[in-house]
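Residue strings, one per chain:
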Amino acid sequence: MFRFARFAAVLAALTLATPVMAQFVTDEDLAVTPAQFKAAVSGRTVRTYSQELVNRVEYFDPGGKVYVWPARANLLIGTWKPCSQDLVAVDASGQEKPVKIASICRVLPNPDGGTQTWNSTWVIYGKQIVERAEGDIFSLSQRTEAPYGMGKRSVDFEGLQANIRKYTR
């Protein structure tokens, strides 16, 4: 019914700042539940990459803490939980339909003080995942600072590990 449906609602707030107007959503995307999204990331280190957001590594502690290592050098430590977002999609016939999209909701420190909320829908986040590994492979939960500023280019887990060894000698 929603195969190749387009979002009609404003979706910029769904990810870290990626506007996704005209984002295509498949039936498979809509079928993912918050529990399935949680199972995909809980207890895992996840690397995402996109041209807009560049490299980002996150460790999702099963106890609800999240450790975010963005391309720049600061480590963000906050909380996460599975959630869902209510949106409006337009189906192939042009009809608007309300839909629930599985999401991961994070609360992280804001560099200017206070906190910020980062909500990522499976529709977008799932497509940006380029690597996943069991456990906290970069020991982010044991750190107060990011290992190093990884920059904008895509670097795989093996390359990141090599750079950590190089920069922490």
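Every chain begins its residue count from 1, and numbering advances along the sequence as written. Under the rules for a predicted model, residues below a pLDDT of 70 receive no local features and side-chain atom pairs below 80 are neither given nor counted, while totals for whole chains, interfaces and linings still include all residues. Note that the side-chain values use all heavy atoms of the structure and ignore hydrogens as well as water.

1. Here we look at the state of the cysteines
Put plainly, two cysteines are in a disulfide when a covalent bond ties their sulfur atoms together.
Thought 1: Disulfide: a pair of cysteine sulfur atoms within 2.5 Å of each other. If you walk through the whole model with that rule in mind, you get one disulfide.
Thought 2: Put simply, cysteine 83 and cysteine 105 are joined by a disulfide, and their sulfur atoms are 1.9 Å apart. Between cysteine 83 and cysteine 105, the S-S dihedral sits near 80°, and the bridge is therefore right-handed. With cysteine 83 in strand S6 (residues 76-90) and cysteine 105 in strand S7 (residues 96-109), this pair connects stretches of sequence that are 22 residues apart. Exposure class is identical for cysteine 83 and cysteine 105. Each is buried. Helix numbering and strand numbering both begin at the N terminus, where a helix is a DSSP run of H or I of at least 4 residues and a strand a DSSP run of E of at least 2. The buried label applies to any residue whose accessible area, calculated with a 1.4 Å probe on protein chains only, is under 20% of its type's maximum; exposed applies above 50%, and partly exposed to all values in between.

2. Details of the confidence of the model for the protein chain
Caution is warranted with low-pLDDT regions, since their predicted coordinates should not be read in detail.
Thought 1: In the predicted model, the protein chain carries a mean pLDDT of 82, and the fraction of residues at 70 or more is 85%.
Thought 2: For every residue, the predictor assigns a confidence score, pLDDT, that lies between 0 and 100. Put simply, strand S1 (residues 5-7) is where the protein chain has its lowest mean pLDDT, 32, and strand S3 (residues 44-48) is where it has its highest, 97.
Thought 3: Whether two residues are in contact is decided by their heavy atoms: any pair within 4.5 Å suffices. Segment residues 1-22: pLDDT under 50, and 62 contacts once partners within four positions in sequence are set aside and those in other chains are kept.

3. A short note on helix H2 (residues 34-41)
Thought 1: Listed as buried for H2 are Phe37, Ala40 and Val41. Seen from one end, H2 has its buried residues packed into an arc of 85°, which puts them on one side. Within this analysis, the arc is defined by the directions that extend from the helix axis to the C-beta atoms.

4. Brief notes about the nonpolar core
Thought 1: With 17 residues, the main nonpolar core has Phe37, Val41, Phe60, Trp122 and Tyr125 as its most contacted residues.
Thought 2: Elements represented by at least two residues in this core include exactly H2, strand S5 (65-70), S6, S7 and helix H3 (122-128).
Thought 3: Residues contacting phenylalanine 60, with those up to four places away along its chain left out, are Val41, Ser42, Gly43, Arg44, Val46, Lys65, Val66, Trp80, Ile104, Arg106 and Tyr125.
Thought 4: Core analysis: the second largest hydrophobic core is formed by 15 residues, Tyr59, Ala146, Val155 and Phe157 among them. To qualify as a nonpolar core, a set must consist of buried Ala, Val, Leu, Ile, Met, Phe, Trp, Tyr and Cys residues joined through side-chain atoms within 4.5 Å.

5. What to know about the side chain of serine 120
Thought 1: Mapped onto the secondary structure, serine 120 falls in strand S8 (residues 115-121).
Thought 2: For serine 120, a relative accessible area of 1% corresponds to the buried category.
Thought 3: Polar contacts, as used here, are pairs of N or O atoms within 3.5 Å; protein pairs need one atom able to donate a hydrogen and one able to accept it. Residues neighboring in sequence count only if both atoms are side-chain atoms. Side-chain polar atoms of serine 120 contact the side chain of arginine 106, separated by 3.0 Å.

6. Focus on the pairing of S8
Thought 1: Taking burial as the measure, the seven residues of S8 include five buried ones, the bulk of the element.
Thought 2: The pairing of S7 with S8 spans seven bridges and is classified as antiparallel. Bridging from a neighbouring strand, arginine 106 pairs with tryptophan 118 of S8.
Thought 3: Criterion used throughout: strands pair if DSSP finds at least two bridges between them. Linking S7 to S8, which pair antiparallel, is a turn of five residues; within it glycine 113 sits at a positive phi near 105°.

7. A few points about the pairing of S7
Thought 1: The pairing of S6 with S7 spans 12 bridges and is antiparallel. By the bridge assignment for S7, valine 90 is matched with glutamate 96.
Thought 2: The turn joining S6 and S7, which pair antiparallel and follow one another in sequence, is formed by five residues; a positive phi near 90° is taken by glycine 94.

8. Thoughts on the environment of leucine 160
Thought 1: By secondary structure assignment, the location of leucine 160 is in helix H4 (residues 157-167).
Thought 2: For the pair leucine 160 and proline 147, spaced 13 residues apart in sequence, the C-alpha separation works out to 9.3 Å.
Thought 3: With residues near it in sequence (within four places) discarded, leucine 160 still touches Arg47, Val57, Trp69, Phe138, Tyr148, Met150 and Val155.

9. Remarks on the packing of aromatic side chains
Thought 1: Two aromatic rings from Phe, Tyr or Trp, using only the six-membered ring of Trp, form a pair when their centres are within 6.5 Å; if the ring planes differ by under 30 degrees the pair is stacked, by over 60 it is edge-to-face, and anything between is tilted. Counting across every chain of the model gives seven aromatic pairs.
Thought 2: Between phenylalanine 37 and tyrosine 125, the ring centres sit 5.9 Å apart and the planes meet at 40°, which makes this aromatic pair tilted. Taken as a pair, phenylalanine 37 in helix H2 and tyrosine 125 in helix H3 lie far apart in primary sequence, 88 residues in all. Both residues of the pair, phenylalanine 37 and tyrosine 125, count as buried.
Thought 3: Between the aromatic rings of phenylalanine 138 and phenylalanine 157, the centroid separation amounts to 5.5 Å while the plane-to-plane angle is 70°, which identifies the pairing as edge-to-face. Of this pair, phenylalanine 138 sits in the loop between strand S9 (129-134) and H4 while phenylalanine 157 sits in helix H4, and the two are 19 residues apart along the sequence. Assigned by exposure class, phenylalanine 138 and phenylalanine 157 land together as buried.
Thought 4: An aromatic cluster is built from Trp69, Phe138, Tyr148 and Phe157, whose rings are joined through pairwise contacts.

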